[in-house]
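Residues per chain, in single letters:
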Amino acid sequence: MSQHSHGRDDSAKIADHHHIHSELPSDPALRVKALESLLAEKGLVDPATIDAWVEIYESKIGPRHGAKVVAKAWVDPAYKQRLLTDATKAIGELDMLGGQGQHMVALENTPGVHNLVVCTLCSCYPLPVLGLPPAWYKSAPYRSRAVLDPRGVLKEFGLELPEHVKIRVWDSTAEVRYLVLPERPAGTEKLTEEQLAALVTRDAMIGVAKVTA
Amino acid sequence: MLKDHPHHHDHPRAHSEVPSDPALRTKTLESLLTEKGLVDPAAIDAWVDAYEKKIGPRRGAAIVARAWVDPAFKARLLSDATGTIETVGFLGREAQHVVVLENTPAIHNLVVCTLCSCYPWGLLGLPPRWYKAAPYRARSVMDPRRVLAEFGLALGEEVEVRVWDSTAEIRYLVLPERPAGTDGLSEAELAALVTRDAMIGVAKVEAPKEAKA
Amino acid sequence: MNGVHDMGGMHGHGPVAPEKGEPVFHARWEARMLGIRRGATFPSEVNIDRWRHIRELIPPHLYLSRSYYDHWYMSYVAALLQSGWATAEEIKSGHAGSGTAKRNDAMRPDQAWESQKTRGVFTRAVETPPLFAMGQRVRARNINPSGHTRLPRYVRGRVGIVGRHHGGHVLPDSNAHGKGEAPEHLYTVAFSMQELWGAEASPHDEICADLWESYLEPA
């Protein structure tokens, strides 16, 4: 298939360009500062735009969005149904679609099935509903072991699942982004949607934790 | 076992706490081992002497040359290399179980150790750096013809390339084709033509420029 | 490509060791690099697939030792050098060469939020009907492209069941190399752990991977 062969040349050239990194200082802070200066001089970036993006991911987008989706699904069975059938549409109802989260799938945890999300090949993650991924999610240990030994990984997070629970690990190899819908903990029947949302952690929506009351 | 054993992970920390220069580290290690009586520096000298001066590709070349001039020896070599080489006195560390691979106009053999750096030390001395490096280990089993081309060896499409991955303790020696125009040469003169690279399989043996009639 | 980035199933990387109360950024430079990635002008051929491939081409020793946002730094620098938008001298000095014309079309701060909301839609119409049906057994093909692919090594040659069909998606193998989007039907395929890792693996756990039609064959 022609799509699966490619010009060796462009990859080889890019690999060559990567050799510059042995000629640059090892401290990334210096290098990024120099890069930002250069790009600003060339008009390739506006430093104030960098500030805007940092603010988006530090303050405007984060796991509280995903928690709202989860809490709504817990209290509203019709929404939950819509979420499980077409998460893109259901999350869109809450105006929470965006870059790296335009095609969504929600994965329901049940007593019999526990879902866990990873990107073995890089670090794909549903940014608009969870914000930026934690360093561990993007690291070699998680990327390598989540598909090989998910139970061992969950144990490191303090979560031990009984043998009969089926674990499904979802490797985000494409642009589909996964959000785990954790089980609603017992003893939360009287909580409001807002109070429920406050219980939902980012780790539970990745699948390395359960939500506790 | 699919799970990583946690205690293995303590050791890597040691490597980030010692100086990066391997010369310093090795000197320090040798001093420590000497103080503890775990090594005799004179024994280190003896090993270095063995591999710098006594054991090297001339051993393999002698075997190749004899196989070229002595059909009975060649036949024994191809059916039981270990036994045959033992009679010549060349078995030793990293060459206790040997298989000799005959190159012909139809078949070209190439030896690698993808998993580490296994090599017939007793017959060829210490391996060259490229043999032990990631590019050769990765690419020789995937695209041997391209690797050979980098060594300047272009094989016709009709030649079958066989790559031997030294995954066990069997050590492989390539018996290269005897070049044309060498009928008048003595065994010693023939041995002088045989290169280490030809016995790994990344080169052919060339006749001398001023070939004797 | 069969690079070190293709990590599923590797041993030797150590414990996951999550950091409690981890900040969004561990250092200001990380935040700046994120902002550069999102807000700077990229050469037009550097779409997300090419970007990922550039990152995959980072030499293994740097890929494994440098931190995540440093990967972004290295990748953007390689993209600038490859496209001729910057020279090695400029990268080292942090200054544009004399006589460089300054562009005036960089993303403005007020454009950032809209960009966040609308960018990154990869679903596309595909004219042909899907080849594979829900519940069908399929095998991930044993292909080993030296260019960009999203078919991890640990599933190649393995048999799974089609669990979902996502319609048409841009094909990274093509898009990363300037060969067009070439969208194909995208499926989620479920593989049993035993199928992937052998008889000693868990008997009922599964891995699901999103795989394009050309990655698959009937089994």
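Every value quoted in this text rests on a predicted model; they were computed, and no experiment measured them. (Residues numbered from 1 in each chain as written. Chains lettered and ligands numbered in written order. Predicted model: local features only at pLDDT ≥ 70, side-chain atom pairs only at ≥ 80, totals over all residues. Heavy atoms only, no water.)

**Observations regarding the overall build of chain C**
This is how it is decided: Under the scheme used here, helices are H or I runs from DSSP no shorter than 4 residues and strands are E runs no shorter than 2 residues, and both carry numbers assigned from the N terminus. Accessible area is worked out with a 1.4 Å probe on protein chains only. A residue is then buried under 20% of its type maximum, exposed over 50%, and partly exposed in between. In this description, contact between two residues means that some pair of their heavy atoms is separated by no more than 4.5 Å. Only the protein chains shown count as covering a residue, and every accessible area follows the Shrake-Rupley method with a 1.4 Å probe. For the purpose of charge, His is not counted, nor are the chain termini; Lys and Arg are scored as positive and Asp and Glu as negative. The location of each charge is read from NZ of Lys, CZ of Arg, CG of Asp or CD of Glu.
Tallying secondary structure elements over chain C gives eight helices and six strands in all. Beginning at the N terminus, the succession of helices and strands in chain C can be written as α-α-α-α-α-α-β-β-β-α-β-α-β-β. Buried positions account for 54% of the 219 residues belonging to chain C. In chain C, of all internal contacts separated by at least 6 residues, the share reaching a separation of at least 24 is 64%. Accessible surface, chain C as shown: approximately 9,200 Å² in total, 52% of it carbon and sulfur. Within chain C, the 24 negative side-chain charges are centred at a point lying 3 Å from the centre of the 25 positive side-chain charges.

**A closer look at helix α4 (residues 57-69) of chain B**
For clarity, the cut-off: Expected span of a helix: the number of residues minus one, times 1.5 Å.
The terminal C-alpha atoms of α4 of chain B, which comprises 13 residues, lie 19 Å apart, in line with the 18 Å expected from a rise of 1.5 Å per residue. The set of residues buried in α4 of chain B consists of R59, G60, A61, I63, V64, A65, A67 and W68 of chain B.

**Here we look at the packing of aromatic side chains**
Heads up, the condition is: Working definition: a ring pair exists when centres of Phe, Tyr or Trp rings (six-membered ring for Trp) sit within 6.5 Å. Plane angles under 30 degrees give stacked, over 60 give edge-to-face, the rest tilted.
Throughout the structure, instances matching the rule amount to 25 aromatic pairs over all chains. Judged by centre distance (5.1 Å) and plane angle (45°), the rings of W170 of chain A and Y178 of chain A are tilted. In this structure Y178 of chain A comes out as buried when scored by relative accessible area, which is 2%. Seen in terms of ring centroids, W164 of chain B and Y172 of chain B are 5.2 Å apart; in terms of plane orientation they differ by 45°. Their pairing is tilted.

**With respect to the side chain of K138 of chain A**
Selection criterion: Just to be clear on terms, a salt bridge is a Lys or Arg side-chain nitrogen sitting within 4 Å of an Asp or Glu carboxyl oxygen.
Relative to the assigned elements, K138 of chain A resides in the loop between α7 (127-130) and α8 (140-145). Nearest to the buried, unbridged K138 of chain A among oppositely charged side chains is E22 of chain C, at 6.1 Å. Excluding residues within four positions of it along the chain, K138 of chain A makes contact with C122, S123, P133 and R143 of chain A together with Y68 and Y69 of chain C.

**Concerning the pairing of strand β2 (residues 137-140) of chain C**
All names here are of chain C. Cut-off, in case you're wondering: For two strands to be treated as a pair, DSSP must find no fewer than two bridges joining them.
Going residue by residue along β2, you find V138 and A140 tucked away on one face and R137 and R139 left uncovered on the opposite face. As paired strands, β2 and strand β3 (residues 159-169) are joined by three bridges and run antiparallel to one another. Looking at β3, one finds that V138 is bridged to G160. Both β2 and strand β6 (residues 216-218) contribute to a ladder of three bridges, which runs antiparallel. By the bridge assignment, A140 is partnered in β6 with L216.

**Let's talk about the interface of chain A and chain C**
Cut-off, in case you're wondering: Accessible area that two parts lose when put together, with a 1.4 Å probe and added across both, is what the buried area reports.
Listed as interface residues are 102 residues of chain A and, on the opposing side, 116 residues of chain C. Both faces considered, chain A and chain C share a buried interface measuring about 9,400 Å² in area, 60% of it formed by carbon and sulfur atoms. Along the contact surface separating chain A from chain C lie twelve salt bridges. D70 of chain C is the partner of R31 of chain A in a salt bridge, and the nearest nitrogen-oxygen pair spans 2.7 Å.

**Points about unusual backbone geometry**
Backbone geometry at Q100 of chain A places phi at a positive 65°, although glycine is not the residue there. Tracing the sequence through the fold places Q100 of chain A in the loop between α6 (87-93) and β1 (104-108). Judged by its relative accessible area of 15%, Q100 of chain A falls in the buried class. Even without a glycine there, the phi angle at A182 of chain C is positive, about 40°. With respect to the helices and strands, the residue A182 of chain C is situated in the loop between α7 (172-175) and β4 (184-192). A182 of chain C gets classed as partly exposed once you look at its relative accessible area, which sits at 28%.

**Describing the packing of helix α2 (residues 28-42) of chain A against helix α4 (residues 68-83) of chain C**
Heads up, the rule is: The axes are straight lines fitted to the C-alpha atoms, using for helices just the contacting stretch, and the angles between their N-to-C directions are given from 0 to 180°. Angle categories: roughly parallel below 35 degrees, roughly antiparallel above 145, roughly perpendicular from 65 to 115, and oblique for all the rest. Crossings are classed by handedness, with left-handed meaning an anticlockwise turn of the near helix from the far one by less than a right angle and right-handed meaning a clockwise turn. Gly falls in the polar group here, along with every residue not listed as nonpolar (Ala, Val, Leu, Ile, Met, Phe, Trp, Tyr, Cys, Pro) or charged (Asp, Glu, Lys, Arg).
Close contact between α2 of chain A and α4 of chain C brings their axes to 11 Å; oriented N to C, the two are set at 40°. Accordingly, the angle class assigned to the pair α2 of chain A and α4 of chain C is oblique. Where α2 of chain A crosses over α4 of chain C, the two elements pack in a sense that is left-handed. Across the interface between the two elements, P28, R31, V32, L35 and L39 of chain A from α2 of chain A touch D70, Y73, Y76, V77 and L80 of chain C from α4 of chain C. When its residues are assigned to classes, the contact of α2 of chain A with α4 of chain C shows eight nonpolar, no polar and two charged.

**Side note on empty space enclosed by the protein**
Which entries qualify depends on this criterion: Cavities and pockets were defined on a 1 Å grid built over protein atoms only: a cavity is a set of grid points that admits a 1.4 Å probe from which the probe cannot escape, a pocket is an open set flanked by protein on both sides within 12 Å along at least five of seven lines, and lining residues are those with an atom within 4 Å of any such point. Grid points are joined across faces, edges and corners, and a volume is the space filled by probe spheres set on the points.
Evaluation of the coordinates by the stated rule reveals two cavities of 30 Å³ or more. Lining the largest cavity, in full, are T173, A174 and E175 of chain A together with D49, R52, F122, R150, V170, P172 and W212 of chain C. In terms of residue class, the lining of the largest cavity is built from five nonpolar, one polar and four charged. Considering the residues around the second largest cavity, the lining is formed by N109, H114, P182, E183, A209, K210 and V211 of chain A. Its residues placed into classes, the lining of the second largest cavity shows three nonpolar, two polar and two charged.

**Looking at the confidence of the model for chain A**
For the record, the criterion: The predictor attaches a confidence to each residue, called pLDDT, with possible values from 0 through 100.
Residues at a pLDDT of 70 or more form 96% of chain A, whose mean pLDDT is 95. Every residue in residues 1-7 of chain A is under pLDDT 50, and counting partners more than four places away or in other chains gives 20 contacts.

**Considerations on the confidence of the model for chain C**
Per-residue confidence for chain C averages 96 on the pLDDT scale, and 100% of its residues sit at or above 70. At the level of chain-chain contacts, confidence expressed as ipTM amounts to 0.94, with global pTM at 0.92.

**Remarks on the layout of surface pockets**
Empty space within the second largest pocket amounts to approximately 890 Å³. For the second largest pocket, the lining is made up of 40 residues, of which Q100 of chain A together with R37, R38, I48 and R119 of chain C are closest to its centre. Put simply, the parts of the chain that give the lining of the second largest pocket at least two residues each are α3 (47-60) of chain A together with α1 (28-39), α2 (48-56), α4 and α6 (112-118) of chain C. The biggest single contributor to the lining of the second largest pocket is α2 of chain C, with five residues.

**Observations regarding the nonpolar core**
The condition that has to hold: Working definition of a nonpolar core: buried Ala, Val, Leu, Ile, Met, Phe, Trp, Tyr and Cys residues. They are joined through side-chain atoms within 4.5 Å.
Core analysis: the biggest nonpolar cluster contains 131 residues, and L83, I91 and Y142 of chain A together with Y76 and I91 of chain C have the highest contact counts within it. Considering every element that reaches this core, the biggest residue donor is α4 of chain C, with eleven residues. In this structure I91 of chain A touches V69, Y79, L83, M96, L97, M104, V129 and L179 of chain A, once residues within four positions along its chain are discounted. If you look at the next biggest cluster of nonpolar residues, it comprises 45 residues, including V111, L148, L153 and V202 of chain B.

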